[in-house]
Amino acid sequence: MRVLLIGSGGREHAIADTLRRESPALELIGAPGNPGLAALGRTVAVSGDAEALLALAQSEAVDLTIVGPEAPLAAGIVDRFRAAGAPIFGPTAAAAQLEASKAFAKAVMHDAAVPTARAETFRHADDARRAVLERFGAPVVIKASGLAAGKGVIVCETLDAAHDAIAHIAEARAFGGAGDEVLVEEFMTGEELSLFVLTDGTHALPMLAAQDHKRVGVGDTGPNTGGMGAYAPVSLASEALMGDVMERIVLPTLTAMRARGTPFTGLLYVGLMLTPTGPRVVEFNCRFGDPETQAVLPLLTSSLLEPIARIARGDSLAGVPALTWRAGAAVTTVVAAAGYPDTPHTGAAITLPDMSDTLRVFHAGTRRTAAGVLVSGGGRVVAVTGLGDDFTIAQARSRAGAAAVRFDGAFFRDDIGWREAARITAVARA
Ligand code: AMP
Ligand code: GLY
């Protein structure tokens, strides 16, 4: 089987690593890929537009295309491939609106009575300001509706901050067209979980829940990033809680999408907050999360390829057994470049630790120079996943692995999974 994998980050390297361990004979083509993917297959310098990627899929006679990032999905790559009869894993542009338009996602959740933060959508800044004053108060969350690379969400402690956030999004247009609509949203409290489900539009196979660490600094301080680390499983995500999330959130959302004539197929990422009144949706994404994928997939013991291939061909997941997982835990530590998230330094020569059964090293922002030297090429450079029979062992392996990644200006958070560590300590004391 020959698979085309679209994307260039740690998420895509982790997907490729999982497919390769499952099926050593699998042929992988990464577009554009990265040096980590290049070690597992071929990489082709094609990115972006659907026509070029479809031409590549056809000329290489691939059996299946998997899309990593959201931008090509929102731009309609799945619609284009399907029109040409080429199997592809991901949602159509209409279904990808669940991520690409927070206003759309709120409307779907409203139809489906899915628990989420109360929100109102506005096209004019002054209407949004009036809503904050009259109906929301502070703290409040202001969001650009469109895709803003994870930066379009501003949690505001005060009314003044909300006023400024609305100006930033809707008047200064800090996120361009993503700010055509602005959401004013109720502030929620609680721990967050990331849940991935594979879905054919009707049936859903949930993965293990993970927890992401968005802030750049130890103790969840400093600015938001694309994610500095993740771990799975999360002990908060009991079977009962996840069953409730499937019944009250995932399946009703899929039903509402079908009812709109835009069934969601592919990977639905449900960002949850465990509030005092139960789990509520923070956001949906239409693709695997990064870096949660690097923690979740190394724990998978059942096939990834089979459900993905079924979904891509338009076949049903009915009767496909639940996914299975190895016992123990995985902790992923991102090693970032000095200056990240604002202005990361690139071009530093990198030394990596060796991969083993308990240490997976995923390239996230690396490239090779013409002379073949591996150098940093982005803010999040490498994601190191430690695996172990329990969380504490996995965390220690992840930290040691991250410390063994060497390049000028490398830094990482040594507290990935601190909430889980605190729960373990609390249980031990009780
Ligand atoms: P999003 O990009 O929608 O996931 O938002 C980024 C982060 O902002 C989330 O992971 C939360 O930590 C925070 N956030 C988003 N919406 C809310 C909300 N309604 N209440 C509290 N925090 C939120
Ligand atoms: N880890 C958050 C995301 O992938 O959007």
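Note: the structure precedes this text.
Conventions adopted
- Residues numbered from 1 in each chain as written.
- Chains lettered and ligands numbered in written order.
- Predicted model: local features only at pLDDT ≥ 70, side-chain atom pairs only at ≥ 80, totals over all residues.
- Heavy atoms only, no water.
- Axes fitted to C-alpha atoms, helices over the stretch in contact; angles between N-to-C directions.
- Helix = DSSP H or I, 4+ residues; strand = E, 2+ residues; numbered from the N terminus.
- Parallel < 35°, antiparallel > 145°, perpendicular 65-115°, else oblique.
- Left-handed = near helix turned anticlockwise from the far one by under 90°.
- Contact = heavy atoms within 4.5 Å.
- Nonpolar A, V, L, I, M, F, W, Y, C, P; charged D, E, K, R; others polar.
- Buried < 20%, exposed > 50% of the residue type's maximum accessible area, 1.4 Å probe, protein only.
- Phe/Tyr/Trp six-rings, centres within 6.5 Å; stacked < 30°, edge-to-face > 60°.
- Lys NZ or Arg CZ within 6 Å of the ring centre and 35° of its normal.
- Near = heavy atom within 4 Å.
- Polar contact = N/O pair within 3.5 Å; in protein donor to acceptor, adjacent residues only side chain to side chain.
- Areas by Shrake-Rupley, 256 points an atom, 1.4 Å probe, with all protein chains shown as cover.
- Core = buried A, V, L, I, M, F, W, Y, C linked by side-chain atoms within 4.5 Å.
- Pairing = 2+ DSSP bridges.
- Right-handed = clockwise from strand over helix to strand, strands pointing away.

### With respect to the packing of helix α8 (residues 125–136) against helix α9 (residues 159–171)
Link 1 in the chain: In the contact formed by α8 and α9, the axes pass within 10 Å of each other and the chain directions differ by 160 degrees. Considering their axes alone, α8 and α9 lie roughly antiparallel with respect to each other. Crossing of α8 over α9 shows right-handed handedness. Side by side, α8 and α9 meet where Ala 125, Ala 128, Arg 129, Val 132 and Leu 133 of the first sit next to Leu 159, Ala 162, His 163, Ile 166, Ala 167, Ala 170 and Glu 171 of the second.
Link 2 in the chain: Looking at side-chain class alone, the contact of α8 with α9 contains nine nonpolar, one polar and two charged residues.

### Some details on unusual backbone geometry
Link 1 in the chain: Going from Ala 138 to Pro 139, the amide bond is cis rather than trans, its omega being 0 degrees.
Link 2 in the chain: Tracing the backbone shows Pro 139 in the loop between α8 and β7 (140–144).
Link 3 in the chain: Between Asp 290 and Pro 291 the backbone carries a cis peptide bond, its omega angle lying at 20 degrees.
Link 4 in the chain: Relative to the helices and strands, Pro 291 resides in the loop between β17 (278–285) and α11 (292–296).
Link 5 in the chain: The phi dihedral of Ala 61 is positive, around 50 degrees, even though this residue is not glycine.
Link 6 in the chain: For Ala 61, the location among the structural elements is in the loop between α3 (50–59) and β4 (64–67).
Link 7 in the chain: Classification of Ala 61 as exposed rests on a relative accessible area of 54%.

### Focus on the packing of aromatic side chains
Link 1 in the chain: For the structure shown, the criterion picks out three aromatic pairs.
Link 2 in the chain: Here the aromatic rings of Phe 196 and Tyr 269 are separated by 5.6 Å at their centres, their planes lie at 40 degrees, and the arrangement is tilted. Note that Phe 196 is positioned in strand β10 (residues 191–199) and Tyr 269 in strand β16 (residues 266–275), a separation of 73 residues in sequence.
Link 3 in the chain: You can call Phe 196 buried: its relative accessible area is 1%.
Link 4 in the chain: Assessed through its relative accessible area of 4%, Tyr 269 is described here as buried.
Link 5 in the chain: Taking 5.8 Å as the distance between ring centres and 85 degrees as the angle between the ring planes, the aromatic pair formed by Phe 196 and Phe 288 counts as edge-to-face. Taken together, the residues Phe 196 in strand β10 and Phe 288 in the loop between β17 and α11 connect sequence positions 92 residues apart.
Link 6 in the chain: A cation sits over an aromatic face here: Arg 118 above Phe 136, 4.3 Å from the ring centre.
Link 7 in the chain: Seen from the ring of Tyr 269, Arg 287 lies directly overhead, with NZ or CZ sitting 5.8 Å from the centre.

### Structural notes on the environment of Thr 343
Link 1 in the chain: Position of Thr 343 relative to the elements: it lies in the loop between β18 (329–336) and β19 (359–363).
Link 2 in the chain: Spatially, the C-alpha atom of Thr 343 lies 7.8 Å from that of Gly 379, the residues being 36 residues apart in sequence.

### Some points on the site of ligand 2
Link 1 in the chain: As a matter of local geometry, ligand 2 sits amid Asp 212, Gly 226, Tyr 269, Asn 285, Arg 287, Gly 289, Asp 290, Pro 291 and Glu 292.
Link 2 in the chain: In the environment of ligand 2, an oxygen atom lies 3.4 Å from a nitrogen or oxygen atom belonging to the side chain of Asn 285.
Link 3 in the chain: When ligand 2 sits alone it has 200 Å² of accessible area, and the protein chains cover 89% of it.
Link 4 in the chain: Its residues assigned to classes, the shell around ligand 2 comprises two nonpolar, three polar and four charged.

### Some thoughts on the nonpolar core
Link 1 in the chain: Within the largest apolar cluster, 57 residues are counted, with the highest numbers of intra-cluster contacts made by Ile 77, Leu 98, Leu 193, Val 250 and Val 270.
Link 2 in the chain: When residues of this core are assigned to their parent elements, the largest contribution, nine residues, is made by helix α10 (residues 239–259).
Link 3 in the chain: With residues near it in sequence (within four places) discarded, Leu 193 still touches Ala 209, Ala 210, Val 234, Ala 237, Leu 241, Met 242, Val 270, Gly 271, Leu 272 and Leu 274.
Link 4 in the chain: Counting 39 residues, the second largest nonpolar core, distinct from the first, contains Ala 16, Leu 28, Ala 210 and Tyr 269.

### Here's the deal with the pairing of strand β2 (residues 27–32)
Link 1 in the chain: Pairing of strand β1 (residues 2–7) with β2, which is carried by six bridges, proceeds in the parallel orientation. By the bridge assignment for β2, Gly 7 is matched with Pro 32.
Link 2 in the chain: In this fold, β1 hands off to helix α1 (residues 10–22), which returns the chain to β2; that crossover is right-handed.
Link 3 in the chain: In terms of strand pairing, β2 meets strand β3 (residues 42–43) through two bridges, oriented parallel. Residue pairing for β3: Gly 30 is matched across the bridge by Thr 43.

### Looking at the site of ligand 1
Link 1 in the chain: Close contacts around ligand 1 come from 14 residues, with Glu 185, Glu 186, Met 188, Glu 192 and Glu 283 the closest.
Link 2 in the chain: Between ligand 1 and the protein, one listed contact pairs an oxygen atom with a side-chain N or O atom of Lys 102 at 3.3 Å.
Link 3 in the chain: Here Lys 143 contributes a side-chain N or O atom positioned 3.0 Å from a nitrogen atom of ligand 1.
Link 4 in the chain: The protein chains hide 90% of the 470 Å² of surface that ligand 1 would expose on its own.
Link 5 in the chain: Elements represented by at least two residues in the shell around ligand 1 include exactly β7, β9 (182–186) and β17.
Link 6 in the chain: For the shell around ligand 1, a count of residues per class yields seven nonpolar, no polar and seven charged.

### Structural notes on the pairing of β4
Link 1 in the chain: Covered by surrounding structure in β4 are Leu 64 and Ile 66 together with Thr 65 and Val 67, the residues of both alternating faces.
Link 2 in the chain: Two strands pair when backbone bridges link them, and β1 and β4 are joined in this way by four bridges, in the parallel orientation. When the bridges of β4 are listed, Leu 5 appears paired with Ile 66.
Link 3 in the chain: Note that β4 and strand β5 (residues 88–89) share two bridges and pair parallel.

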